[in-house]
Amino acid sequence: MMIFLQIRLFATVKTHQHRFFKWLIVLSDGIHAYSSVMLATQLNQRVTSGELDAKAIIKLNNYTCNIVQETRKVLVILDLTVLTCGSETDIIGQPKPYNDQSVTNPRPTIHPQQNLVDKSENRIVFPISSLTPYQNRWTIRTRVTSKSEIRKWSNSRGEGKLFSVDLIDESGEIRATAFRDQVEKFYDVLEVNKVYYISRCSIKTANKNFTSIKNDYEMTFTNETAVEPCDDIASLPKVSFNFVRIGDIENQPAERMIDVVGVVKSADDVVTINTKSNRQVNKRDIELVDDSGKVVRLTLWGTNAEEFDGSQFPVVAVRGARVTEFGGRSLSVVGSSQLMTNPDIPEAHILRGWFDVQGKDQELVSISTKRGDIGSPGFSGNWKNISDIHGENLGQQEKADYFNLKATIIYIRKENLMYKACPKEDCNKKVIDQGGSYRCEKCNQTFPDFKYRLMISASIVDSTGSNWLTFFQETGEAMLKCTAQQLGAWKENDESKYEHTINEALFQSYILKVRAKMESFNDENRLKCSCVNLTPMDYVQQSRRLLEGIRRMQMV
DNA sequence: CCCCCCCC
């Protein structure tokens, strides 16, 4: 039995689609009170509905305990039963804070500052969220949450160097970039996690394809800019993420920068690839999953790829990962991204608990194309509809055309669907039945036996039309689900089994790889289409292919 | 004023 000593909302994080509530929870057993406690997201409703309130007596049915930064333990409640609600009871005992030096104080409540006057310097401090390009006389008091390397550029418009910092205060965040002379002036002054007064920068519209920071604007340092260190203000947040749930990444435009957090479900080995500009670079693909039940591929590059340890299913958070649309949606860590393994943030603890308790056994769906799909007959390649065969004059050139069809077999011509062939391994020539012995003209030999070969003419359809297709041995056997030898034996001894086998092959849908080529026969040119590969339908894979096609059309 | 960030 546990008592909720206190429960209150201490932060609401809004993304464009979701609101995340973070509850400050203190648990008491009557003797000790413990405050590093979180509520799994699925239990939020128990609080908002009023069922779970302060001083409620609860039974903890399921929880995980995560050790963070080696000393701090964070309890994530995954399931609970309310035994007595808070209004019907009172605090039991006089619980003392539980101190095994693993407990740290929760973050203080955030009070957004509003144009407050800083007494020491008599300056007006503006909240970051109030900055616009139309207003110049401001000072912000801000913590640096990240700082890039100095980078050089060179293009048709000139060359130079730059670096950028991400800045945060109680109201919001903004990116600031320094170019050329300002790089010298400010690079060493600005340190990550430290607090500064900054004033007189220019403000312009931010491009969302290059930052996940939640601000329509970004700042540029000018030669007027003033940067002045400030004593640390505890109330200034240290990090800020705008996480997009993995299940929502499919709704993100390609090229966007987003923040993501997930459990590493799998990690590939490092591979070296050649770039188009003929450089070698190392990469490693990993799969991230979250409690949306969706999986996304994240590609790491260079040292991030080489040094990554995906064992033990770590939680990975990326600030500013690029959304790419190669085969569904996937993510790429880019130069400006920050990659964090097992970060001490509430979202990571919740996911750790979710994965260990249920996620690891849950059926998960990837929003990224599996590597196996790309290049497989079911995904890549030259896709056609049956009406395209004549509509696009396929097979009319000197070289045969190869393409994929998704089609259904509706008729199998039973006449001459197999023949007696030369038994020699690489000879498939039709033999002359001499009544007990079989002559092959090609091999110029007579054999005591023969082998059956398939040459099936079948009619296939899709939504656009129908066409005749020839299925030789291997594709014919795959279609009939038996060997030519078996079919021949049934034809001789078990007519109904033979008929049944052929009928069972009707109205089945396949992915077909087709070869189309004009052939002349008796002075007449006819288009011959034959099946060179037959793969069972994979509706999930085909749906992904169609969705990919729709995405591409939307881009036009 | 960068904004390249790689490959299938």
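The structure this text deals with has already been given above.
Nothing here was measured: the structure is a model prediction, and the numbers come from that model.

About the thresholds
Each chain carries its own residue numbering, running from 1 in the direction its sequence is written. Think of it this way: whatever chain is written first is A, whatever ligand is written first is 1, and the rest follow in order. Reporting in this predicted model follows two pLDDT cut-offs: at least 70 for local features of residues, and 80 or more for side-chain atom pairs to be given and counted; totals over whole chains, interfaces and linings ignore these cut-offs and use all residues. For the side-chain quantities, the full set of heavy atoms in the structure was used; hydrogens and water were omitted. Under the DSSP-based scheme used, a helix requires at least four consecutive residues in state H or I and a strand at least two consecutive residues in state E, with every element numbered from the N terminus. Working definition: with a 1.4 Å probe on protein chains only, accessible area under 20% of the residue-type maximum means buried, over 50% means exposed, and in between means partly exposed. Any two residues whose heavy atoms approach within 4.5 Å at even a single point are treated as in contact. All accessible areas in this document rest on Shrake-Rupley with a 1.4 Å probe, and a residue is counted as covered only by the protein chains that are shown. Surface patches are drawn from residues lacking salt bridges whose relative accessible area is over 30%; two like charges belong together within 9 Å, two nonpolar side chains (Val, Leu, Ile, Met, Phe, Trp, Tyr) within 5 Å. A carboxyl oxygen of Asp or Glu within 4 Å of a side-chain nitrogen of Lys or Arg is what we treat as a salt bridge. Identification of polar contacts relies on pairs of N or O atoms within 3.5 Å, with a donor-acceptor requirement for protein atoms, meaning one able to donate a hydrogen and the other able to accept it, and with residues adjacent in sequence counted only if both atoms are side-chain atoms. In this text, buried Ala, Val, Leu, Ile, Met, Phe, Trp, Tyr and Cys residues form a nonpolar core when linked through side-chain atoms within 4.5 Å. Only the six-membered ring of Trp is used, alongside the rings of Phe and Tyr, when aromatic pairs are assigned; centres must lie within 6.5 Å, and planes under 30 degrees apart are stacked while those over 60 apart are edge-to-face, with the rest tilted. A ring is considered to have a charge above it if a Lys NZ or an Arg CZ atom is located within 6 Å of its centre and within 35 degrees of its normal. For two strands to be treated as a pair, DSSP must find at least two bridges joining them. Every angle, taken between N-to-C directions, lies between 0 and 180 degrees, and every axis is a line fitted to C-alpha atoms, over only the stretch in contact when it is a helix. Throughout this description, any angle smaller than 35 degrees is read as roughly parallel, any larger than 145 degrees as roughly antiparallel, any in the 65 to 115 degree range as roughly perpendicular, and the remainder as oblique. Any residue outside Ala, Val, Leu, Ile, Met, Phe, Trp, Tyr, Cys, Pro, Asp, Glu, Lys and Arg is labelled polar, Gly included; the first ten of those are nonpolar and the last four are charged. Neighbouring residues are identified by heavy atoms, a residue being near a molecule or strand if any of them is within 4 Å of it.

On to the overall build of chain A, then. In terms of helices and strands, chain A carries nine helices and 32 strands. Among the 556 residues that make up chain A, the fraction classed as buried is 44%. Long-range pairs, those at least 24 residues apart, make up 62% of the contacts in chain A between residues at least 6 apart in sequence. Here chain A displays about 30000 Å² of accessible surface, and carbon together with sulfur accounts for 47% of that area.

All buried positions along helix α6 (residues 473–480) are accounted for by Q473, T475, G476, M479 and L480. Immediately downstream of α6, the backbone of K481 shows phi near 60°, a positive value.

There is a patch of nonpolar side chains on the surface, built from I410, Y411, W468 and F507 and spanning about 430 Å² of accessible area. Tracing the backbone through its elements, the reader meets F507 in the loop between α8 (495–504) and β31 (509–521). Classification of F507 as exposed rests on a relative accessible area of 58%.

Moving on: the environment of Y187. Structurally, Y187 can be placed in the loop between α2 (181–186) and β13 (195–199). With 23 residues separating them in the primary sequence, Y187 and S164 have C-alpha atoms 8.9 Å apart. The residues touching Y187, leaving out its near neighbours within four places in the chain, are K147, S148, E149, I150, F163 and Q182. A distance of 3.3 Å separates the side chain of Y187 from the backbone oxygen of S148, its partner in a polar contact.

Another aspect to go through is the side chain of S146. Assignment of secondary structure puts S146 in strand β9 (residues 139–147). Leaving out residues up to four positions away in the same chain, S146 has contacts with S164, V165, D166, V192 and Q338.

Topologically, Q397 is positioned in the loop between α5 (386–391) and β24 (401–412). Overall, the relative accessible area of 55% leaves Q397 in the exposed class. Here the alpha-carbon distance between Q397 and A516, two residues 119 residues apart in the chain, equals 9.7 Å.

Time to look at the nonpolar core. The tendency in soluble globular proteins is for nonpolar side chains to be buried side by side. By size, the foremost hydrophobic cluster in this structure holds 40 residues, and its most contacted members are I412, F471, L480 and L512. Residues contacting F471, with those up to four places away along its chain left out, are I409, L454, M455, I456, A458, I460, G476, M479, L512, C531 and L534. Counting 23 residues, the second-largest nonpolar core is a separate cluster that includes V144, Y196, I198 and F221.

A few words now on the packing of aromatic side chains. Counted under the stated rule, the structure contains nine aromatic pairs. With a centroid separation of 4.8 Å and an interplanar angle of 85°, the aromatic rings of F163 and Y187 are classed as edge-to-face. Residue F163 is found in strand β11 (residues 158–168), and its partner Y187 is found in the loop between α2 and β13; the two are separated by 24 residues along the sequence. Judged by its relative accessible area of 1%, F163 falls in the buried class. Seen from their ring centres, Y438 and F450 are 4.8 Å apart, and the 65° between their planes marks the pair as edge-to-face. Taken together, the positions of Y438 in strand β27 (residues 438–440) and F450 in the loop between β28 (445–447) and β29 (451–462) put the pair twelve residues apart, joining distant regions of the chain. The exposure classification of Y438 matches that of F450, with both residues buried. An aromatic cluster is defined as three or more aromatic residues linked by ring pairs; in this entry it consists of F313, W354 and F355. Directly above the ring of W468 sits R413, whose terminal nitrogen or CZ lies 4.6 Å from the centroid. Taking the ring centre of W490 as reference, the NZ or CZ of K497 above it sits at 4.9 Å.

Before going further, it helps to examine the sheet that holds β28. Sheets are built from strands paired through backbone hydrogen bonds, the pairs being either parallel or antiparallel. One open sheet accounts for three strands, arranged β26-β27-β28; its pairing is antiparallel. Here the strands that pair on one side only, and so sit at the sheet edges, are β26 (432–433) and β28. When β27 meets β28, the two strands line up antiparallel, connected through three bridges. Residue pairing for β28: Y438 is matched across the bridge by F447.

This part takes up the pattern of salt bridges. A full pass over the atoms with the stated rule returns 21 salt bridges. In this structure, K208 and D216 form a salt bridge, with 3.9 Å as the shortest nitrogen-oxygen distance. Residue D361 is joined to K360 by a salt bridge in which the shortest nitrogen-to-oxygen separation is 3.7 Å. The exposed category is assigned to D361, whose relative accessible area is 61%. If you follow the salt bridges from partner to partner, you end up with D166, E173, R175, D259 and R319 in one network.

It is worth spelling out the packing of helix α7 (residues 484–493) against α8 at this point. Taken N-terminus to C-terminus, the directions of α7 and α8 make an angle of 135°; their axes are 6 Å apart at the nearest point. In terms of orientation, α7 and α8 fall into the oblique class. For the pair α7 and α8, contact is made by L487, W490, K491 and N493 and by E495, K497, Y498 and T501, respectively. Residue composition of the contact of α7 with α8, grouped by class: three nonpolar, two polar and three charged.

Moving on, we get to the protein's contact with DNA strand B. Close to DNA strand B lie 22 residues, the nearest being R151, K204, R279, K283 and G335. A share of 34% is what sugar and phosphate atoms reach among the atoms of DNA strand B within 4 Å of the protein. Contacts to DNA strand B include K283, whose side-chain N or O atom sits 2.6 Å from a base oxygen. In the environment of DNA strand B, a phosphate oxygen lies 3.4 Å from a nitrogen or oxygen atom belonging to the side chain of S332. Among the secondary structure elements, those contributing two or more residues to the surface near DNA strand B are β10 (151–155), β12 (173–179), β18 (271–274) and β22 (330–341).

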